[in-house]
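Per-entry structural report
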Amino acid sequence: MKATGVVRRIDDLGRIVIPKEIRKTLHIKEGDPLEIFTDKEGEVILKKYSPIGELSEFATGYAETLAKTTGHIACITDKDTVIAVSGGSKKEFLEQDLSQELEQLMEDKEIYTSNDNNEMSIPVTKNDNKERKFNSQVVYPIISQGDVIGSVILLSKEPNVKMGEAELKVVQSAAGFLGSQMEI
């Protein structure tokens with residue numbers, strides 16, 4: 001655990017203010033759920049709660065099925081990181097922070113398909129450095145109870161591959177199914 005040097009007092013209602021710098025660094029926004037853990041030494045640990053993260057084992061299996069079925073790289077994300085990947089480099093994607101462009105796309109509940117190889121692909125992770133790594137991609141938000149909780153992404157590095165209606169329907173089905181699993 002890393003010390004921040006910040007000390008806060010608990011108010012009469014039991015509340016603590018998390019400093020703005022820490023919230024910004026950890027991408028914690030107003031209304032975001034936090035999970036509370038305690039350990040034997042009396043430490044209290046706050047962790048940003050990821051509802052789709054609870055399904056990470058299931059999401060991994062789902063990503064593998066998507067990759068095998070479509071022949072493309074399949075990624076499943078929560079709102080901050082890639083939680084499952086198949087058909088591509090796990091090191092390149094898994095547990096990597098999402099790019100600002102992808103986060104904005106999810107926040108706007110937008111569906112993105114690069115149908116033409118001339119269109120720019122959206123960087124998936126912050127490590128993409130604005131490089132054009134994928135010739136074709138489709139991104140579909142996972143929505144549960146009206147809130148975006150992640151996304152399903154198909155990617156292709158093949159030069160002449162275009163994502164079409166079939167790929168869009170596949171990710172739409174996957175996102176709908178994962179979103180409905182969170183409502184159960």
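Here is a short report on the structure shown in this document. (Residues numbered from 1 in each chain as written. Predicted model: local features only at pLDDT ≥ 70, side-chain atom pairs only at ≥ 80, totals over all residues. Heavy atoms only, no water.)

As a further point, take the overall build of the protein. A tally of regular secondary structure across the protein gives five helices and seven strands. The linear arrangement of helices and strands in the protein, starting from the amino end, is α-β-β-α-β-β-α-α-β-β-β-α. By principal-axis analysis of the C-alpha atoms, the protein measures approximately 60 × 35 × 30 Å. The buried share of the protein, reckoned over its 184 residues, is 39%. Residue pairs in contact within the protein that sit at least 24 positions apart in sequence constitute 51% of those at least 6 positions apart. Put simply, the protein shows about 11400 Å² of open surface, and 51% of that area lies on carbon and sulfur atoms. Between the mean site of the 23 positive side-chain charges and the mean site of the 31 negative ones, the protein shows a separation of 4 Å. (Helix = DSSP H or I, 4+ residues; strand = E, 2+ residues; numbered from the N terminus. Buried < 20%, exposed > 50% of the residue type's maximum accessible area, 1.4 Å probe, protein only. Contact = heavy atoms within 4.5 Å. Areas by Shrake-Rupley, 256 points an atom, 1.4 Å probe, with all protein chains shown as cover. Lys, Arg positive; Asp, Glu negative; His and termini not counted. Charge placed at Lys NZ, Arg CZ, Asp CG, Glu CD.)

Among the surface-exposed residues, Arg8, Lys20, Arg23 and Lys24 lie close enough to one another that they form a single positively charged patch. Position of Arg23 relative to the elements: it lies in helix 1 (residues 20-25). (Patch = residues over 30% accessible without salt bridge, like charges linked within 9 Å, V, L, I, M, F, W, Y side chains within 5 Å. Salt bridge = Lys/Arg side-chain N within 4 Å of Asp/Glu carboxyl O.)

Function cannot be read off these values alone, since they describe shape.
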